[in-house]
Amino acid sequence: MARIDLDLAHSYKPNPAQDSDYALLPLKMTFEDGGAYALLGPSGCGKTTMLNIMSGLLVPSQGTVRFDGQDMTRATPQQRNIAQVFQFPVIYDTMTVAQNLAFPLKNRKVPEATIRQRVGQIAEMLEMSHQLDQRAAGLSADQKQKISLGRGLVRPDVSAVLFDEPLTVIDPHLKWQLRRKLKQIHHELKLTLIYVTHDQVEALTFADQVVVMTRGKVVQMGTPDALFERPAHTFVGHFIGSPGMNLLEAQAGGGALHIGALSVPAPRALPEGALRLGIRPEYLALTEPGRGGALPGSVRQVQDIGTYFLVTLDVAGQTLKARLSPEAERPAVGAAVGLQVLGSHTCFYKNEELVA
Amino acid sequence: MQLTLSGISQRVGAQTWLYDMSLAPTPGAVTVLLGATQAGKTTLMRLMAGLDVPSSGSVLVDGHDVTGTPVRERNVAMVYQQFINYPSMTVYDNIASPLKLGGRPKAEIDRRVRELAAKLHIEVFLDRLPAELSGGQQQRVALARALAKNAPLMLLDEPLVNLDYKLREELREELCALFAAGDATVIYATTEPSEALLLGGWTAVMDAGELLQYGPTAEVFHRPVSLRVAKAFSDPPMNLLAAEVAEGGARLNHGELIAVDLPREATRALTLGIRASALRVQPRPGDVALPGRVELAEISGSDTFVHVHTAVGELVAQLTGVHEFDLGAALTLHVSPTQVYAFDATGALLVAPQRRT
Amino acid sequence: MSVQNKPVNQKAWFLILPVFICVAFSAILPLMTVVNYSVQDIIDPERRVFVGTEWFVQVMRDEDLHAALWNQLKFSLAVLLVEIPLGIVLALSMPATGWKASATLVIVSLSLLIPWNVVGTIWQIFGRADIGLMGHGLQALGIDYSYTGDATHAWLTVLLMDVWHWTPLVALLAYAGLRSIPDAYYQAARIDGASKFAVFRYIQLPKMRGVLMIAVLLRFMDSFMIYTEPFVLTGGGPGNATTFLSQYLTQKAVGQFDLGPAAAFSLIYFLIILLFCFVLYNWMQRLGQTEKEGGHE
């Protein structure tokens, strides 16, 4: 269990001059001891680079990595005592499950009795006690990932467990079970867990704090709730939520807000000029057209997604999406509706940054 | 074109990969093949394309038997999950290749290639090689090539699975629009129930080599004919509770009575299914209460998934909005009996919730 | 239930006719000739007598043949025992990326490019006590080395020459196998604190199984048929210390013009190699299978 402090930048070029030369733009971040964190972002955003720097598989071109205050920038993964679970299951084919789990302890010359006890404990936590003597090579993908995870947990003094998109090869209904298992383990062992993914559902359900990244830059770090309700950047608004945040072009001037043909008094203090109004599909309410303060629009498509209706709307030349509960009135395709876009959940952006 | 698979099965050596099944995908519509990995989706698609010959049964196109016809002579386009493109040809040549093989005049090829590239937003990459593009862009090239062929049957084998989450969302929307605009019969294989629901159209649910149900997607989702279909087609997994027939409905193991209208011939032992979204925290009149302890709460932006340990089993509830729960706290979940599925001892559906249509 | 009517295209047969004719002339007809000779006594080109299986029986009883066979088996075994591990060690030490990797690959492959009789000649000179580096060096160390005089020295020299000539092949195959292992395995091993030997034993060796199987088969077949290099180096001597099977066969057929027994023996030779390879291949395949199926319940 350790607290990790990062104060670094990373570039694969010897003399980085501009932003695009950096794989990781200069950042300063702290991962508290025992916290569950997720690094979320699209491919190429630098999240795996950051993970590899933390695990010691990569040395940052500038800056430091500290574990509990100690400079570990150049320390090996072993010295840092971290464990890492990769995208595809990495197991030793020739060994049984028990031997796989015992491997890290054997390398540290831990006494046989302690190894057996520890392996038994971890196997039970992962619900694999009855498979200990099976050959690891013959198991399914999710069981192999559990073994990979187990190898990391079996060391009692592991400082942090790092995950690099571990559920990529797992079937959807097994993903549920594994995610639940990970959260249980976090709760029981209180380890520092850092999870890299491009899947926002995984990130939000797993982590206490999510770090959203794009193109080597950390855009926002916060709780899933904060990222959902008040994204600091339109990228976060778009990336989090399925579908992402709706963004409307708007103009603010003289205390009024103009959205397309609609003009309303500005709901809060807004900077003058061109703005973008952000409202999540979950909070976009439909009413009758012509209601005060409602934007006129028409329904283009209604999809039944089982647990909700996804409505695609044409509004002032732009496309918006709304999520309706299955108990709500199902709108007809082509119907004219009014959209309530102004509310407590609405966010305003100028130059992609949150301003109100 | 009407594709009909009649009584086909596929055996390789001693293993049966596909059990006897018949399927006639609705022409001009999207049919989703939904199932876990190894369910037989790829095997079935290969039979449809003509890459393999079924061990028994026949494949018919518009009434003609094409079972032995090799794929080269059938008019089929296929897109794979591994972004397959000709690596030494530029994007332009890749998209043009089926048109060139079809012997089309040069002017027409050029027009069509640019049209498709614009549709898939890759017109700026026409001179590049596939290796220089990102995953999403490579898959767009593969899609454009498949569309260029203009085949009446288009097969897509989990085409978005190797892409980022957000990219998948974007491309899926574009695919829906492309499919709707064309009139080809599209067969789309996926492991994710949510993808099937987002694509709409029709769904064929497969499990372990068997075809379990085929029908309009929403219909299959809301009325699964068996327990296996319900299990395969739900995300998060459906809560399943053992129960017995009792006076007035079904009785759970711990004694709660759920008032469901069971048919007279129902077997004694039942399985009740409750979707995670049907469970509520706030009770409404008529709800059955299921008290328990919170084991885990997962917040995913707009929803909270709470795992509750109750006397009748482990339940997962999907609640809208963000709710904070203390681990170990007591929590009672409520469900309306009208929202409960009932399956008999063999797994066949007895009762499904009524939908407002 | 319809009948599977796979359309049969007869036109394809015409396309392979040219290849068929070439193969017939270069392989099948000569093979048939050998079979023909093996059941006849050819006293001279005009007079032939059919003798049935007499040659086969005689060949099986031939003492000299047994000696050559035994010699050959020892040699092939020694070759495998030395070249396979040495090749693996060489592959492990070769750099994986960069210009150094390309340079090393070229240098390592050099001995594979030399014509085989030149290899024999190189070692002939190399081993001479007066002008050869090795011969002279060994003499200087006090060893009375003579590959023409001492049977053991001759045998070992032939072995050493084969190792020098062919280990790079094993190394190249093993190198290819090593490059195909994803980096994540090495990273995981680093994190698990595995020693270099553990990494070799639990990751590299199992993942190289496929290529090693090919290497073993190739080296076995080639060493079992070896002719040019030992012939040039020692001519089969001293005595018949380095007379391996193929040389024995040639002596019989060309030297003594005993075409009948030679033909019979070639057929037996061919069948022995086939049998060994079949057994080896199946054994290694089965090893791979049990690994895969080991975990199923």
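Residues numbered from 1 in each chain as written. Chains lettered and ligands numbered in written order. Predicted model: local features only at pLDDT ≥ 70, side-chain atom pairs only at ≥ 80, totals over all residues.

### Notes on the overall build of chain A
Consideration 1: A tally of helices and strands in chain A yields 9 helices and 21 strands.
Consideration 2: Along the three orthogonal principal directions, the C-alpha set of chain A runs to about 75 × 50 × 30 Å.
Consideration 3: In chain A, which comprises 356 residues, the share counted as buried stands at 45%.
Consideration 4: In chain A, 65% of the contacts between residues at least 6 apart in sequence involve partners at least 24 apart. (Helix = DSSP H or I, 4+ residues; strand = E, 2+ residues; numbered from the N terminus. Buried ≥ 20, exposed ≤ 12 C-beta atoms within 10 Å, placed from the backbone. Contact = placed C-beta atoms within 7 Å.)

### A word on the nonpolar core
Consideration 1: Counting residues in hydrophobic clusters, the biggest one holds 180 residues, and the most contacted among them are Ala38(A), Ile194(A), Ala144(B), Leu272(B) and Ala342(B).
Consideration 2: It is helix α4 (residues 135–149) of chain B that contributes the most residues to this core, 7 residues altogether.
Consideration 3: If we skip the residues at most four places from it in the chain, Ala38(A) touches Tyr195(A), Thr197(A), Ala203(A), Phe206(A), Ala207(A), Val210(A) and Val211(A).
Consideration 4: Counting 24 residues, the second largest nonpolar core, distinct from the first, contains Ala252(A), Leu270(A), Leu295(A) and Leu342(A). (Core = buried A, V, L, I, M, F, W, Y, C linked by C-beta atoms within 7 Å.)

### Notes on unusual backbone geometry
Residue and element names in this part refer to chain A.
Consideration 1: For the bond running from Ser 242 to Pro 243, omega is -5°, close enough to zero to count as cis.
Consideration 2: Along the chain, Pro 243 turns up in the loop between α9 (234–239) and β11 (246–253).
Consideration 3: The phi angle at Ala 316 is positive, at roughly 45°, despite the residue not being glycine.
Consideration 4: With respect to the element layout, Ala 316 can be found in the loop between β17 (309–315) and β18 (318–324).
Consideration 5: The residue Asn 351 is not glycine, and still its phi comes out positive at about 55°.
Consideration 6: With respect to the secondary-structure elements, Asn 351 resides in the loop between β20 (347–350) and β21 (353–354).

### Some points on the pairing of strand β18 (residues 330–335) of chain B
Residue and element names in this part refer to chain B.
Consideration 1: Only one face of β18 is buried, namely the one carrying Leu 331, Leu 333 and Val 335, since none of Ala 330, Thr 332 and His 334 on the opposite face is buried.
Consideration 2: Judged from the 6 bridges that link them, strand β15 (residues 288–300) and β18 form a sheet pairing that is antiparallel. The residue bridging Ala 289 from the neighbouring strand is His 334, located in β18. (Pairing = 2+ DSSP bridges.)

### Comments concerning the environment of Leu105(A)
All names here are of chain A.
Consideration 1: By the element assignment, Leu 105 lies in helix α3 (residues 97–107).
Consideration 2: Taking the C-beta count within 10 Å as the criterion, Leu 105 has 22 such neighbours and is therefore assigned buried.
Consideration 3: Spatially, the C-alpha atoms of Leu 105 and Thr 234 are 47 Å apart, while their sequence positions differ by 129 residues.
Consideration 4: Sequence-distant contacts of Leu 105, that is, excluding residues within four places in its chain, are made with Val 110, Ile 115, Arg 118, Val 154 and Arg 155.

### Some remarks on the sheet that holds strand β10 (residues 217–222) of chain A
Residues and elements named next belong to chain A.
Consideration 1: The 6 strands are arranged β6-β7-β8-β3-β9-β10 in an open sheet whose pairing can be described as mixed. Each having just a single partner strand, β6 (82–85) and β10 make up the two edges of the open sheet. Strand-to-strand twist in this sheet, taken as the mean axis angle between neighbours without regard to direction, amounts to 15°.
Consideration 2: Relative to β10, strand β9 (residues 209–214) runs antiparallel, the two sharing 5 bridges. If you follow Met 213 over to β10, its bridge partner there is Val 218. (Axes fitted to C-alpha atoms, helices over the stretch in contact; angles between N-to-C directions.)

### A closer look at the sheet that holds strand β7 (residues 153–157) of chain B
Residues and elements named next belong to chain B.
Consideration 1: Taken in spatial order, the 6 strands line up as β6-β7-β8-β3-β9-β10 in an open sheet, and their pairing is mixed. The open sheet has two edge strands with one neighbour each: β6 (76–79) and β10 (210–216). Neighbour-to-neighbour, the strand axes of this sheet turn through a mean angle of 15°, independent of strand direction.
Consideration 2: Note that β6 and β7 share 4 bridges and pair parallel.

### With respect to the interface of chain A and chain B
Consideration 1: With 31 residues of chain A at the contact, the number on the chain B side is 31 residues.
Consideration 2: If you list the elements that add at least two residues to the side of chain A that touches chain B, you get α6 (172–189), α7 (200–206), α8 (224–229) and β16 (295–304) of chain A.
Consideration 3: By residue number, the principal contributor to the side of chain A that touches chain B is α6(A), which donates 7 residues.
Consideration 4: Among the residues making up the side of chain A that touches chain B, the classes are represented as 11 nonpolar, 13 polar and 7 charged. (Nonpolar A, V, L, I, M, F, W, Y, C, P; charged D, E, K, R; others polar.)

### Looking at the confidence of the model for chain C
All names here are of chain C.
Consideration 1: Per-residue pLDDT for chain C averages 84, and the proportion of residues at 70 or more is 93%.
Consideration 2: Of all secondary-structure elements in chain C, the lowest mean pLDDT belongs to strand β1 (residues 40–44), at 76, while helix α8 (residues 151–179) reaches the highest, 93.
Consideration 3: For the stretch residues 1–5, pLDDT sits under 50, and the model shows 8 contacts to residues farther than four places along the chain or on other chains. (pLDDT = per-residue confidence, 0-100.)

### Quick word on the confidence of the model for chain A
Low pLDDT marks stretches whose predicted atomic positions should not be read closely.
Consideration 1: Counting all residues, the mean pLDDT for chain A is 87, and 100% of those residues have values of 70 or more.
Consideration 2: When mean pLDDT is taken per element in chain A, strand β3 (residues 36–40) of chain A scores highest with 93 and α6(A) scores lowest with 82.

### With respect to the domain arrangement of chain A
All names here are of chain A.
Consideration 1: With domains assigned, chain A is organised as domain 1 (4–239) and domain 2 (246–354).
Consideration 2: Just the C-alpha atoms count here: the centres of domain 1 and domain 2 sit 38 Å apart.
Consideration 3: Each partner contributes residues to the interface: domain 1 has 7 residues there, and domain 2 has 9 residues.
Consideration 4: Among the residues forming the side of domain 1 that touches domain 2, the class breakdown is 2 nonpolar, 3 polar and 2 charged. (Domains from an automatic or database assignment.)

### With respect to the pairing of β20(A)
Residue and element names in this part refer to chain A.
Consideration 1: The sheet contact formed by strand β14 (residues 273–279) and β20 spans 3 bridges and is antiparallel. The partner of Leu 277 across the bridge, within β20, is Phe 348.
Consideration 2: Alignment of β20 against β21, held across 2 bridges, turns out to be antiparallel. When the bridges of β21 are listed, Tyr 349 appears paired with Leu 354.
Consideration 3: Taking the residues that link successive antiparallel strands as the turn, the β20-β21 hairpin has 2 residues, and the phi of Asn 351 there is positive, at about 55°.

### Overview of helix α5 (residues 165–181) of chain B
Consideration 1: Helix length check: α5(B) (17 residues) gives 25 Å between terminal C-alpha atoms against 24 Å at 1.5 Å per residue, within 8%.
Consideration 2: The set of residues buried in α5(B) consists of Lys166(B), Arg168(B), Leu171(B), Leu175(B) and Phe179(B).
Consideration 3: Buried positions along α5(B) lie against α9 of chain A together with β3 (30–34), α4 and β8 (185–190) of chain B. (Expected span 1.5 Å × (residues − 1).)

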